[in-house]
Amino acid sequence: MSAQRFHLVCLGFQDSVSNKTQLSLTLKEQLKLSDAQLADLMASRRTVLARNLPEEKARQWAKKLTRAGLSIEAETATANQKISAEELRQHLLDGGLSHYFAGRYRHPDEELDTRFSLLVLAAIPLAIYLLLPLIALLLILPLLSVSVWGSQPGAALSQLVIAGLLLVPVAIFRPRRQPEAGLELDPDTELLLFALTHEITTYLNSAPVTAVRISDAPFVTVRQSSVQWLRRRCEIEIGLPYLQAVTMQQLTGELTRQLGALAPPFTYWTWGAFNQWQRILARLKPAWSDALMLRIAPVVEHLQARQEAMMQTLIGHKEARQVTRLTRKLNTLTPTWPDFKSFCATLGVTADQWPEWIGPAESVPDADEESSQGQFRMTSPATWVLSNAAGYQKALHREAGVRVPASALLKQYQTYQKHGQRVSATGIAVDALVPPAGAFSGKTVRPILVMRHYNATRSTQKAAMAHALGLQKNPPKQDLASLTQRWRSSAQGLWPKAALSHPNLALGRALFSALQSAQQLHLWAGFEPGSDEAKSLRDRQLARLYLNWHQAMRKLPALPVGAVTGRQSLSQQLVLPEQWESALRPGTDRWVNTLQIYWTMVAGSLLNSGAETETEQAAA
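Just so it is clear, the structure is predicted and the values come from calculations on it, not from any experiment.

### As for the pattern of salt bridges
- By the definition in use, this model includes 10 salt bridges.
- Glu 237 is paired through a salt bridge with Arg 223; the nearest N and O atoms lie 2.7 Å apart. Residue Glu 237 is located in strand β7 (residues 234-239), and its partner Arg 223 is located in strand β6 (residues 220-223); the two are separated by 14 residues in the primary sequence.
- In this structure, Arg 538 engages Asp 539 in a salt bridge whose closest nitrogen and oxygen atoms are separated by 3.2 Å.
- Arg 538 sits in the buried class, given a relative accessible area of 5%.
- Note on Asp 539: relative accessible area 27%, which makes it partly exposed.
- Connected through shared salt-bridge partners, Arg 177, Glu 184, Arg 213 and Glu 235 make up one network.

Put into C-alpha cells, the structure is as follows:
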C-alpha cells in the first residue's frame, strides 16, 4: 500500500464562479483556513488548502473543490516509504523537501510582561559587557593626561582603581569557546542534512546553521559562541546514536525545537544575550546558576512551551509527544555525559546498542489523528539523511574498546556514582580511605587530619624515590613508616561496625593494596633521571614492583563492567603482560584510575553496610 500523501493547492477561481467571497467564506469554515489563507484565496493567489492528505481523501476533496469552482492541484507531500535511501534523498533534494515547508511559521507576539522579563534578563550581560566597560573607559580617558597625575595624584589613583574594579566582571565572565566534538560534515557531501537545516531555519526565521558535526553522544546539541551569537549564526552537533534511534520526522522535530530557541529576533537578542552569560556562570559557579534558573523558571517554561509549539506545528502532536519524552530521558544523561565518557575510557569499554536505550515509548494516538500530523511526515530512518552512516560509525569508534550495551553500562555507572557520593560524604579522598584493619575502634575521625597525614605520606614517598634516583640531594626528613602508620590509624574509625563482617571486606583489602602498588608504579614511571645508572635503577624497581603487583592483580576478580568471557581476573581484563616493559609506562595512569573506580564501588558498599543491616533488621 502506498504511503504517498498530498497537499491540496488552489491556483485560483474558475471563470464560472460568480460569488468568490461567499465561496471563500464557506471554504474557510469547512477547511478551517486561517485569515492569511483566506486573504490569499480571495485574492486568487496560490493557497495551500490542506496538507498531508492520503491519496483517497485527496482525490475526494479535489473533485469536490473542482466542482465548487476552484482550480486545484495536488502536490506530492511524501515519497513512497518503500523506496531506497538513495532514491528518497534524491527525491527530497529535487524539490520534495520544499513541499513540507510551503510557508513560514508565524511567531505569536510576546505579551508585555514576557517582553519586560526578557529585557531585565538581557540587562545583566548588557551591564557587564557594555555599560561597565564604557564607564571604565570614560574614567580612564582623563588619566591619559600627565598633568592630572601631577596635580592630583591621589584622586587620579582612586579613579584608576575604580575603573579597574568596573572591569573585573568582564574579566571574570569573559567568553570562552566550547571545545569542538565529533567530525565536521562536508556540505558538498551531506547535501540532504544541510538542506534540511536550511529549510528549518528559513521556516522559523532562526539563526542559520554554519556547521554540522556528527559525534558519539546520544543527543542533539545546538552550539553558539559569543561571536556566532553576534553574527546570528550557530552550529549543530548530532549524535549518531540518536540518528540510529529516531525517525526522520522525529529528528526534524528535535532540530525545530532547539533551533526555535534562536527565533524570533526579539527573543533571540534578549534571551540569547542572557543565555551566553548564564552558560559562563554555570561553568564558574554551578550552584549560583541553578539558583538563578529556579528564580526565572516561569520564563524558561514559557520559552520551552513556545519551542514545543513550533515542533508540534511542523511534525504533529503525536510525534512531538514522543520527542518530548525522549528529550526528558536524555536530559538526565546530559549533565553527566563528560564523566560517563571518562568512566568508559578508563575501563576501556564503549557503549553500544544505544537505540535500545534511547527508543521513545509509544504514545497514545490522538482522537483526530489526521488533523494533528503536522506538515512534515516521514517515518524513514533518520540515518538516511547521511550519505554513509556506517562510515561515520567506523570513524567515530576507531579506538573502541570492549563493546557493552549502553543500558548495562549506564546502570553500572549509576552504581559507581551512588558509591562515589557515599565516599565523597566522608570528606576523605578515595586513595586515603584505608579499609578496616581489625576490631571496631569507635573513635571519631577527623577528615582534615586524615588527608594531612596522607598527603605527608605521599610527599615523603615521592621525595624518597627522587633521592634514590639522584634527583634530590637530601633524603626526606620524616620517617615514611611512622607517617604511614599515623595515616592508617587516623582513618580506622570511619567504618561502621557491620563493615567488619561484610562479604566484600576481603576484596576491599586486596583492592586497596593493589591500588597502593599501582600508585607506586605510577610515581616511579613518572621520573626521568639523567644518568644511565639512575634509569637502570628505576627500570629494575619498576620490574620488581610490577611482578608483585601483577601477581596480586591475577587474584582479583574482574570488574563487572565490560568483562569478556574467559577473562575472569582483573589482570586479564586490563590485558596486562607477564613482564614489565618500558612501553607500559604511559598506561600506569589508567591502572590507577581503574583501581580507584573499583575501590570506590567496594568502599561505598562497606560504608553502607550499617544501613543495610538496619534495613534487614527492620524487615525482619
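### A closer look at the side chain of Glu 190
- Here Glu 190 shows up in the loop between β4 (183-184) and α9 (191-204).
- Residue Glu 190 is classed as buried on the basis of its relative accessible area of 1%.
- Polar side-chain contacts of Glu 190 include one of 2.6 Å to the side chain of Ser 387.
- Apart from residues no more than four positions distant in its own chain, Glu 190 is found in contact with Leu 185, Val 385, Leu 386, Ser 387 and Tyr 392.

### With respect to the sheet that holds β6
- The strand order across the open sheet formed by 4 strands is β4-β5-β7-β6, and the pairing between neighbours is mixed. In this open sheet, the two edge strands, each paired with only one partner strand, are β4 and β6.
- The strands touched by α9 are β5 (209-215) and β7; relative to β5, the strand with the most contacts, the crossing angle is about 130°.

### Focus on the confidence of the model for the chain
- Across the chain, the average pLDDT comes to 84, with 91% of residues at 70 or higher.
- A low-confidence stretch, residues 361-371 stays under pLDDT 50, and its non-local contacts, those more than four residues away or across chains, total 17 contacts.

### Focus on the packing of aromatic side chains
- Evaluation of the coordinates by the stated rule reveals 26 aromatic pairs.
- Measuring from centroid to centroid gives 5.7 Å for Phe 173 and Trp 277, while their planes differ by 50°, and the two rings are tilted. Of this pair, Phe 173 sits in the loop between α8 (168-172) and β4 while Trp 277 sits in helix α13 (residues 265-284), placing them 104 residues apart in sequence. Of the two residues, Phe 173 and Trp 277, neither departs from the other in class, the shared state being buried.
- The interplanar angle of 80° and the centroid separation of 5.8 Å between the aromatic rings of Trp 354 and Trp 357 together place this pair among those described as edge-to-face. Here Trp 357 and Trp 354 lie together in helix α18 (residues 354-358), a separation of 3 residues that amounts to about one turn. Across the pair, exposure class does not vary: Trp 354 and Trp 357 are buried alike.

### Observations concerning the environment of Val 168
- Following the sequence through the fold, Val 168 ends up in helix α8.
- Take Val 168: its relative accessible area is 38%, and that puts it in the partly exposed class.
- In this structure the C-alpha to C-alpha distance between Val 168 and Leu 409, which are 241 residues apart in sequence, comes to 44 Å.

Scoring rules and cut-offs
Residues numbered from 1 in each chain as written. Predicted model: local features only at pLDDT ≥ 70, side-chain atom pairs only at ≥ 80, totals over all residues. Heavy atoms only, no water. Salt bridge = Lys/Arg side-chain N within 4 Å of Asp/Glu carboxyl O. Helix = DSSP H or I, 4+ residues; strand = E, 2+ residues; numbered from the N terminus. Buried < 20%, exposed > 50% of the residue type's maximum accessible area, 1.4 Å probe, protein only. Polar contact = N/O pair within 3.5 Å; in protein donor to acceptor, adjacent residues only side chain to side chain. Contact = heavy atoms within 4.5 Å. Pairing = 2+ DSSP bridges. Axes fitted to C-alpha atoms, helices over the stretch in contact; angles between N-to-C directions. pLDDT = per-residue confidence, 0-100. Phe/Tyr/Trp six-rings, centres within 6.5 Å; stacked < 30°, edge-to-face > 60°.

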